[in-house]
There are 2 protein chains.
Amino acid sequence: MLHDLNIPQSFPIFATATEAEKAPLVLTSVLLSLVIVYIASKLGGELSKRLDLPPVLGELIGGVIVGTSALNLLVFPESGATASDSLLMTFLQSISDLSPESVTSIFASQSEVVSVLAELGVIILLFEIGLESELRELQSVGYQAAVVAVVGVVAPFAAGTLGLMYFFGVSAIPAIFAGAALTATSIGITSKVLSEIGHLKSKEGQIIVGAAVIDDVLGIIVLAVVASLAKTGEIDILNVVYLIISATAFLLGSILLGKFFNKSFVSIADILQTRGQLVIPAFTFAFLMAFLANAIHLEAILGAFAAGLVLDETDKRKELDKQVVPIADILVPIFFVSVGAKADLGVLNPAVPANREGLIIATFLIVVAIIGKIITGWAVIGQPQINRLAIGVGMIPRGEVGLVFAGIGSASGVLDKPLEAAIIIMVIITTFIAPPFLRLAFKQSAQPAKSSVE
Amino acid sequence: MLHDLNIPQSFPIFATATEAEKAPLVLTSVLLSLVIVYIASKLGGELSKRLDLPPVLGELIGGVIVGTSALNLLVFPESGATASDSLLMTFLQSISDLSPESVTSIFASQSEVVSVLAELGVIILLFEIGLESELRELQSVGYQAAVVAVVGVVAPFAAGTLGLMYFFGVSAIPAIFAGAALTATSIGITSKVLSEIGHLKSKEGQIIVGAAVIDDVLGIIVLAVVASLAKTGEIDILNVVYLIISATAFLLGSILLGKFFNKSFVSIADILQTRGQLVIPAFTFAFLMAFLANAIHLEAILGAFAAGLVLDETDKRKELDKQVVPIADILVPIFFVSVGAKADLGVLNPAVPANREGLIIATFLIVVAIIGKIITGWAVIGQPQINRLAIGVGMIPRGEVGLVFAGIGSASGVLDKPLEAAIIIMVIITTFIAPPFLRLAFKQSAQPAKSSVE
């Protein structure tokens, strides 16, 4: 009976089938992707933790396992996959009876959404790192840390880039990108390991943490420079100078302007009375800074990091820190798992002859990555009693920022698969060996410092 | 000199220009969209709060202002907009010199990503409502609340649906959808207003809150049923029965199974040692439940709500509540602002003759929405002293769930623009009038209850 009703033309009953069918399935596929990401990140992270390794390493390996190298649950078009390569899409098709065209379109949308979520994850990670980095701390460890940091950036960058170009015939831009990926030290991993072995407050520990902070800033500037080179495609000295100046000016400028903005931020947060009165202004600022950095041809993450540094100076810092944690917890793993999932470790299989060049490159990168950081200990002057080996070893883990390089290099098309996989292997190996080596290096020094577990 | 290097073919320097150019700009456009969403939601929400109205109302109006009805900063293809209608896209094009094809493609990706973020927002909102709804509370207010809830669902649904069909010639499915949008009462708005005027713990207050909780559950079941009708397009009594049974079974089943799962959840959270040990298992569960609800042709939000109800029963509840708050704070506004932005209020302009039918429909919906809830007070039996008007008025605000109906109805193509706009106007008006009317209604009762502001 109800079907017999008069239907005026202005009231269409159904939208076109494809669109009405597609929209909820994109959501379904994103929900399933997130479930896979979370399970992979937790299994990997927890196993890693049990083996006394940094959890982020496990998240990455979890991503490798669900990704294009192994299970094919989470694959992306960038790594050459199509909808039929994705087990997730095959599963969706089996439960919902979709046409091949719809599957292709849903696969494209799902990949796009998950990629943007991953990018928001790394933006929030760098915002959080900015919030955790204290400008005052940097000032107190003084120039010892600065020397270690600069040596630890210049040595592996120069050795890596020139080595790739002259020994392996890699062209300039990917070589510079890979060299740049060798520069940054992971604040998170280093400080966590130091805290776990009770050396965070030792002289060596303080120099390592200070240098890692400076390194991260230098690494982000280097990233901004090389990513921009990748975009414009030219090695124009004027452009390099422009980028170094604009990245430094952007960072210093936002810190200086931040002194004024701090007060406005605090008073805005005080005026607001509705939910999210702290976190919404903070994220509006972080996303705006990320946008501005992008608009002047720097990386979005540099803007988010600067926003974090600025807001770290406010009275609201502790409360903000606490609120950012759960947001980072649900978004950051999407980044690490995606990086792992996109990495095709198959190109490093030594059984395939064509892969051998990539493997040799990976070995070379690992050697440069380790030696380039170990020598930084001997750059410390005026401290004859210091444990130089411990400082050098403490600088080895590349962690998050190294992966950011791999991810951005791959997304912008600068890094081909073997080089990207070599960088990821380098990050995994350096992160993997640092904790046990750091323990060994500190055993040499007579009395261990007081335990100071966070 | 660097340009002269030998470039092996296996190391391509650049990806195809379009892809390399598009990816960062999608991120840029999403970042800008989020900045717009946050500013609109906070300006609207805070202004609303200052005028003693629920903040969610202001977020919605903020969305209307930045959206297709006014500023055109944030527009979506669903409401018929193209890239050239979007001020945001025009701005991006002006700063980055894009081809029209790239702009169209970036606009499509940006809309897709923002829409999925909005959907994740409403999933998290319903998860949070589930966490806040206490099963024990429902049991204590007993059957008084149940009667009020059932009358408050049946009366406006029947009057609205039949009225639209027989007086206005609306076809069955959109009429049922609009009728369904009249059913739910907003827990958030109602309980907040009651708390603000110190009547949350009064007998009337307890019945209102209890009924609002039951109403929300009934509303979600109704939504699951009608959204599914919209998908299959047929009013098949067997299908309706299947849906009511499956929605009820899903909800009751997850609550019952939840008693077992609770313990596993707590022990998983206790075992985990890495960051996100509570929030990651919780969201994995919520997203999995949302996926399962979707897979059996119910709405994803029903799954998220059930997940929230289940996890509410665990010992981890308080800690989880606290961690979900900032996540909801940054994702939920994307939903409300998007709903507002997609609503074309232009169709309600009385100066255009073609709009008058829509306006009459809106007026009809508002009258049904108010009367259909006010009568619920007289459904309370065995309580001669009770303030029946206050109970009825307390049930009037539709809030979040009403908007969920409008958003889903619009996305699935069931609701045409005039009907969708009429529903949004109905939600705005009912939400708008409830707080002052509730105050008036309670002034009639002799002694006001003790103040109990949350």
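Residues numbered from 1 in each chain as written. Chains lettered and ligands numbered in written order. Predicted model: local features only at pLDDT ≥ 70, side-chain atom pairs only at ≥ 80, totals over all residues. Heavy atoms only, no water.

1. Re the overall build of chain A
Phase 1 of the analysis: For chain A, the helix and strand inventory stands at 16 helices and zero strands.
Phase 2 of the analysis: Within chain A, the proportion of its 454 residues that are buried is 61%.
Phase 3 of the analysis: For chain A, long-range pairs separated by at least 24 residues make up 78% of all intrachain contacts whose partners lie at least 6 apart in sequence. (Helix = DSSP H or I, 4+ residues; strand = E, 2+ residues; numbered from the N terminus. Buried < 20%, exposed > 50% of the residue type's maximum accessible area, 1.4 Å probe, protein only. Contact = heavy atoms within 4.5 Å.)

2. Some words on the relation of the copies chain A and chain B
Phase 1 of the analysis: Mapping chain A onto chain B calls for a rotation angle of 180 degrees and an axial translation of 0.0 Å; the resulting RMSD is 0.1 Å. Both chain copies can therefore be described as sitting about a two-fold axis. (Least-squares fit on C-alpha atoms with pLDDT ≥ 70 in both.)

3. What about a nonpolar patch on the surface?
Phase 1 of the analysis: Among the surface-exposed residues, Ile61(A), Ile65(A) and Leu71(A) lie close enough to one another that they form a single nonpolar patch of about 240 Å² accessible area.
Phase 2 of the analysis: Considering the arrangement of structural elements, one finds Ile65(A) in helix α2 (residues 55–66). (Patch = residues over 30% accessible without salt bridge, like charges linked within 9 Å, V, L, I, M, F, W, Y side chains within 5 Å. Areas by Shrake-Rupley, 256 points an atom, 1.4 Å probe, with all protein chains shown as cover. Salt bridge = Lys/Arg side-chain N within 4 Å of Asp/Glu carboxyl O.)

4. Details of the domain arrangement of chain A
Residue and element names in this part refer to chain A.
Phase 1 of the analysis: For chain A, the assigned domains read domain 1 (15–115) and domain 2 (135–443).
Phase 2 of the analysis: On a C-alpha basis, the centres of domain 1 and domain 2 stand 27 Å from each other.
Phase 3 of the analysis: Contact residues are listed per partner, giving 25 residues for domain 1 and 23 residues for domain 2.
Phase 4 of the analysis: Both sides together, the interface formed by domain 1 and domain 2 hides about 2,200 Å², and carbon and sulfur atoms give 72% of it.
Phase 5 of the analysis: Three residues stand out in domain 1 for area buried against domain 2, namely Asp52, Val56 and Leu60, and they jointly supply 23% of the buried area on that side.
Phase 6 of the analysis: The interface formed by domain 1 and domain 2 contains zero salt bridges.
Phase 7 of the analysis: For the interface between domain 1 and domain 2, the tally reads three residue pairs in polar contact (both at pLDDT 80 or more).
Phase 8 of the analysis: Counting residues per element, the ones that place at least two in the side of domain 1 that touches domain 2 are α1 (17–50), α2 and α4 (100–132).
Phase 9 of the analysis: Classifying every residue of the side of domain 1 that touches domain 2 by side-chain character gives 14 nonpolar, seven polar and four charged. (Domains from an automatic or database assignment. Buried area = accessible area lost by both parts, 1.4 Å probe. Polar contact = N/O pair within 3.5 Å; in protein donor to acceptor, adjacent residues only side chain to side chain. Nonpolar A, V, L, I, M, F, W, Y, C, P; charged D, E, K, R; others polar.)

5. Here we look at the interface of chain A and chain B
Phase 1 of the analysis: Taken residue by residue, the interface counts 87 residues in chain A and 86 residues in chain B.
Phase 2 of the analysis: Counting across the interface, chain A meets chain B through four salt bridges.
Phase 3 of the analysis: Across the salt bridge formed by Glu128(B) and Arg275(A), the nearest N and O atoms sit 3.0 Å from each other.
Phase 4 of the analysis: Joining chain A to chain B, the criterion identifies 22 residue pairs in polar contact (both at pLDDT 80 or more).
Phase 5 of the analysis: Contributing elements (two or more residues each) for the side of chain A that touches chain B: α1, α3 (87–96), α4, α5 (135–168), α6 (172–181), α10 (279–295), α12 (317–342) and α13 (356–374) of chain A.
Phase 6 of the analysis: Sorting elements by how many residues they give to the side of chain A that touches chain B places α1(A) first, with 18 residues.
Phase 7 of the analysis: Looking at the side of chain A that touches chain B residue by residue, the class counts come to 57 nonpolar, 18 polar and twelve charged.

6. Describing helix α6 (residues 172–181) of chain B
Phase 1 of the analysis: Counting buried positions over the ten residues of α6(B) gives ten, a clear majority of the element.
Phase 2 of the analysis: All of the buried residues in α6(B) are Ala172(B), Ile173(B), Pro174(B), Ala175(B), Ile176(B), Phe177(B), Ala178(B), Gly179(B), Ala180(B) and Ala181(B).

7. What to know about the pattern of salt bridges
All names here are of chain A.
Phase 1 of the analysis: This model, assessed by the stated rule, comprises 14 salt bridges over all chains.
Phase 2 of the analysis: One salt bridge in this structure joins Glu46 and Arg50, with 2.8 Å as the shortest N-O distance. Of this pair, Glu46 and Arg50 both sit in helix α1, separated by four residues, roughly a single helical turn.
Phase 3 of the analysis: We note a salt bridge from Lys316 to Asp270, for which the minimum N-O separation is 2.7 Å. Linking Lys316 in the loop between α11 (300–312) and α12 with Asp270 in helix α9 (residues 237–271), this pair joins segments that are 46 residues apart in sequence.

8. Quick look at the packing of α13(A) against helix α16 (residues 417–443) of chain A
All names here are of chain A.
Phase 1 of the analysis: Running from N to C, α13 and α16 point in directions that differ by 40 degrees, and their axes come no closer than 9 Å. As summarised for this structure, α13 and α16 are arranged oblique, according to the angle between their axes. In terms of crossing hand, the pair formed by α13 and α16 is right-handed. Every residue of α16 that contacts α13 at Gly358, Ile361, Ala362, Leu365, Ile366, Ala369 and Ile370 is listed here: Pro418, Leu419, Ala422, Ile423, Ile425, Met426, Ile429, Thr430 and Ile433.
Phase 2 of the analysis: Of the residues contributing to the contact of α13 with α16, the split by class is 14 nonpolar, two polar and no charged. (Axes fitted to C-alpha atoms, helices over the stretch in contact; angles between N-to-C directions. Parallel < 35°, antiparallel > 145°, perpendicular 65-115°, else oblique. Left-handed = near helix turned anticlockwise from the far one by under 90°.)

9. As for the packing of aromatic side chains
Phase 1 of the analysis: Counted by the stated rule, this structure contains 14 aromatic pairs over all chains.
Phase 2 of the analysis: Centroid distance Phe168(B) to Phe364(B): 5.2 Å. Interplanar angle 55 degrees. Geometry classified as tilted. Taken together, the positions of Phe168(B) in helix α5 (residues 135–168) and Phe364(B) in helix α13 (residues 356–374) put the pair 196 residues apart, joining distant regions of the chain.
Phase 3 of the analysis: Relative accessible area serves as the criterion here: at 17%, Phe364(B) is assigned to the buried category.
Phase 4 of the analysis: Counting every residue linked through ring pairs, the aromatic cluster contains Tyr38(A), Phe127(B), Phe283(B) and Phe287(B).
Phase 5 of the analysis: One cation-aromatic arrangement involves Lys342(A) over Phe76(A); the distance from NZ or CZ to the ring centre is 4.6 Å. (Phe/Tyr/Trp six-rings, centres within 6.5 Å; stacked < 30°, edge-to-face > 60°. Lys NZ or Arg CZ within 6 Å of the ring centre and 35° of its normal.)

10. Re the side chain of Ser254(B)
Phase 1 of the analysis: One can find Ser254(B) in helix α9 (residues 237–271).
Phase 2 of the analysis: For Ser254(B), the contacting residues outside a window of four places in its chain are Ala249(B), Met289(B), Ala306(B) and Val310(B).

11. So, unusual backbone geometry
Phase 1 of the analysis: Phi angles above zero are rare outside glycine, and Asn72(A) is one such case at about 60 degrees.
Phase 2 of the analysis: Its place among the elements puts Asn72(A) in the loop between α2 and α3.

12. Quick notes on the confidence of the model for chain A
Residue and element names in this part refer to chain A.
Phase 1 of the analysis: Overall, the predicted model of chain A reaches an average pLDDT of 80, with 87% of residues at or above 70.
Phase 2 of the analysis: Mean pLDDT per element in chain A: helix α7 (residues 187–196) is the minimum at 69, and α10 is the maximum at 91.
Phase 3 of the analysis: Across residues 1–20 the pLDDT falls below 50, and counting only partners more than four positions away or on other chains, this stretch makes 34 contacts in the model.
Phase 4 of the analysis: Here residues 446–454 is modelled with pLDDT under 50, and outside its nearest four sequence neighbours on either side it reaches 14 contacts, counting other chains as well. (pLDDT = per-residue confidence, 0-100.)

13. A short note on the side chain of Glu46(B)
Phase 1 of the analysis: For Glu46(B), a relative accessible area of 6% corresponds to the buried category.
Phase 2 of the analysis: For Glu46(B), the residues in contact, after removing those within four places along its chain, are Ile271(A), Leu272(A), Gln273(A) and Thr274(A).

14. Here we look at the environment of Ala159(B)
Residue and element names in this part refer to chain B.
Phase 1 of the analysis: Following the sequence through the fold, Ala159 ends up in helix α5.
Phase 2 of the analysis: Under the relative-accessibility criterion, Ala159 is labelled partly exposed at 38%.
Phase 3 of the analysis: When sequence neighbours within four positions are dropped, the list of residues in contact with Ala159 reads Phe364 and Val368.

15. Focus: the environment of Phe168(B)
Phase 1 of the analysis: Phe168(B) gets classed as buried once you look at its relative accessible area, which sits at 18%.
Phase 2 of the analysis: Other than its neighbours up to four places away in sequence, Phe168(B) contacts Gly163(B), Glu357(B), Ile360(B), Ile361(B) and Phe364(B).

16. Details of the packing of α4(A) against α11(A)
Residue and element names in this part refer to chain A.
Phase 1 of the analysis: Taken N-terminus to C-terminus, the directions of α4 and α11 make an angle of 35 degrees; their axes are 7 Å apart at the nearest point. Pair α4 / α11 crosses with right-handed handedness. Where α4 abuts α11, its residues Val122, Ile123, Leu126, Phe127, Ile129, Gly130 and Leu131 lie against Ala300, Ile301, Ala304, Phe305, Ala307, Gly308, Leu309, Leu311 and Asp312.

17. Some words on the environment of Ile391(A)
Residue and element names in this part refer to chain A.
Phase 1 of the analysis: Positionally, Ile391 belongs in helix α14 (residues 388–394).
Phase 2 of the analysis: Overall, Ile391 belongs to the buried group, its relative accessible area being 0%.
Phase 3 of the analysis: Along the sequence, Ile391 and Val380 sit eleven residues apart, while their C-alpha atoms lie 9.2 Å from each other.

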